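Chain by chain, the residues run as shown.
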Amino acid sequence: MQNALKDIFGPMFEAMLKGEMDNHLGYDSNDKNKKETDNRRNGYGKKTLKTSAGEVNVKVPRDRDGSFDPHLIPKRKKDVSAIENKVISMYARGMSQRDISSTIEEIYGFSVSHEMISDITDHVLPELEEWQTRPLSNCYAFVFVDCMFTSETSMNQRSMPFIRFWAIPWKARKKSLDYD
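Residues numbered from 1 in each chain as written. Predicted model: local features only at pLDDT ≥ 70, side-chain atom pairs only at ≥ 80, totals over all residues. Heavy atoms only, no water.

(A) A look at the overall build of the protein chain. Summing up its helical and strand segments, the protein chain has four helices and five strands in all. Here the protein chain, with 180 residues, has 35% of them falling under the buried criterion. Taking the intrachain contacts of the protein chain between residues at least 6 apart in sequence as the baseline, contacts between residues at least 24 apart amount to 56%. Carbon and sulfur atoms provide 48% of the accessible area of the protein chain, an area that totals close to 11300 Å². (Helix = DSSP H or I, 4+ residues; strand = E, 2+ residues; numbered from the N terminus. Buried < 20%, exposed > 50% of the residue type's maximum accessible area, 1.4 Å probe, protein only. Contact = heavy atoms within 4.5 Å. Areas by Shrake-Rupley, 256 points an atom, 1.4 Å probe, with all protein chains shown as cover.)

(B) Layout of the packing of aromatic side chains. Evaluated as defined, the whole model comprises one aromatic pair. A ring pair is formed by Phe142 and Phe144, whose centres lie 6.3 Å apart and whose planes are at 20°; its orientation type is stacked. In this structure, Lys35 is placed above the aromatic ring of Tyr27, and the distance from its NZ or CZ to the ring centre is 5.0 Å. Positioned over the ring face of Tyr44 is Lys59, at 5.3 Å from the centre of the ring. (Phe/Tyr/Trp six-rings, centres within 6.5 Å; stacked < 30°, edge-to-face > 60°. Lys NZ or Arg CZ within 6 Å of the ring centre and 35° of its normal.)

(C) Molecular detail of the environment of Asp79. Relative to the helices and strands, Asp79 resides in the loop between strand E2 (54-63) and helix H2 (81-92). Separated by 31 residues in the primary sequence, Asp79 and Thr48 place their C-alpha atoms 9.1 Å from one another.

(D) Examining the nonpolar core more closely. Formed by 17 residues in total, the largest nonpolar core has its most connected members in Phe13, Met16, Leu49, Val58 and Ile73. Looking at which element gives the most residues to this core, the answer is helix H1 (residues 2-25), with five residues. In contact with Leu49, not counting residues within four places along its chain, are Phe13, Gly54, Glu55, Val56, Val58, Ile73, Lys77, Lys78 and Val80. (Core = buried A, V, L, I, M, F, W, Y, C linked by side-chain atoms within 4.5 Å.)

(E) Just the pairing of E2, in detail. Pairing analysis gives nine bridges linking strand E1 (residues 41-51) to E2, with the strands arranged antiparallel. Within E2, the position partnered with Lys50 by the bridge is Glu55. Counting the residues between successive antiparallel strands, the hairpin from E1 to E2 contains two residues. (Pairing = 2+ DSSP bridges.)

(F) Seen up close, the environment of Thr48. Mapped onto the elements, Thr48 comes out in strand E1. Beyond its immediate sequence surroundings of up to four residues, Thr48 is in contact with Glu55, Val56, Asn57 and Lys78. Separated by 2.8 Å, the side chains of Thr48 and Asn57 make a polar contact. (Polar contact = N/O pair within 3.5 Å; in protein donor to acceptor, adjacent residues only side chain to side chain.)

(G) Structural detail: the pattern of salt bridges. Per the stated rule, a full pass over the model turns up one salt bridge. Across the pair Asp22 and Arg41 runs a salt bridge whose closest N-O atoms are separated by 2.1 Å. Pair noted here: Asp22 is in helix H1 and Arg41 is in strand E1, with a separation of 19 residues, a long-range link. Residue classification places Asp22 among the buried positions, given a relative accessible area of 5%. (Salt bridge = Lys/Arg side-chain N within 4 Å of Asp/Glu carboxyl O.)

(H) Summary view of the environment of Arg76. On the secondary structure map, Arg76 appears in the loop between E2 and H2. With 29 residues separating them along the chain, Arg76 and Lys47 place their C-alpha atoms 9.1 Å apart.

(I) View of the side chain of Glu20. With respect to the helices, strands and loops of the structure, Glu20 is situated in helix H1. One buried charge, Glu20, has no salt-bridge partner; the nearest side chain with opposite charge is Lys47, at 9.6 Å. A polar contact is formed between the side chain of Glu20 and the backbone nitrogen of His71, at a distance of 2.7 Å. For Glu20, the contacting residues outside a window of four places in its chain are Phe68, Pro70, His71, Leu72, Ile73, Met116 and Ile120. (Lys, Arg positive; Asp, Glu negative; His and termini not counted.)

In short, the description is geometric, and any link to function would need to be established separately.
Set out below in structure tokens:
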């Protein structure tokens, strides 16, 4: 179970950071057009994040002049366990860019532009779609359904279900089947 979650969170956080870098520099990676800035990408640094699934190693993009300061995973912050479920639920619910932006501002206390949300979703959505369309086995030894109710406090407080499907294949470890 822990390894399955790590396999999801690592690429998701890396994609979010790449989207933030695109927004910071004002152009996409491998863009051959003339740039408005002299600042360029400068490889990646390594960072170990603490999630609810354990530690996850991610590559953090760098820029040449060192001005890139990610908002979603700030420098010197390692514990992201509070972010992960909220990020997954925002994308899974199909929230608009404005809704995601206002939710991030409400939860974390900083504003994120709609353009930055667009850049981040452009990087994260292919990762999520690949995970959603992965092939499943025809048969599992056991399938578990788990539901946890969480409180959502926007305009009105209401309880929202967070449903997870877990499966144990015949010759493997438990893995997550769904995130709705």
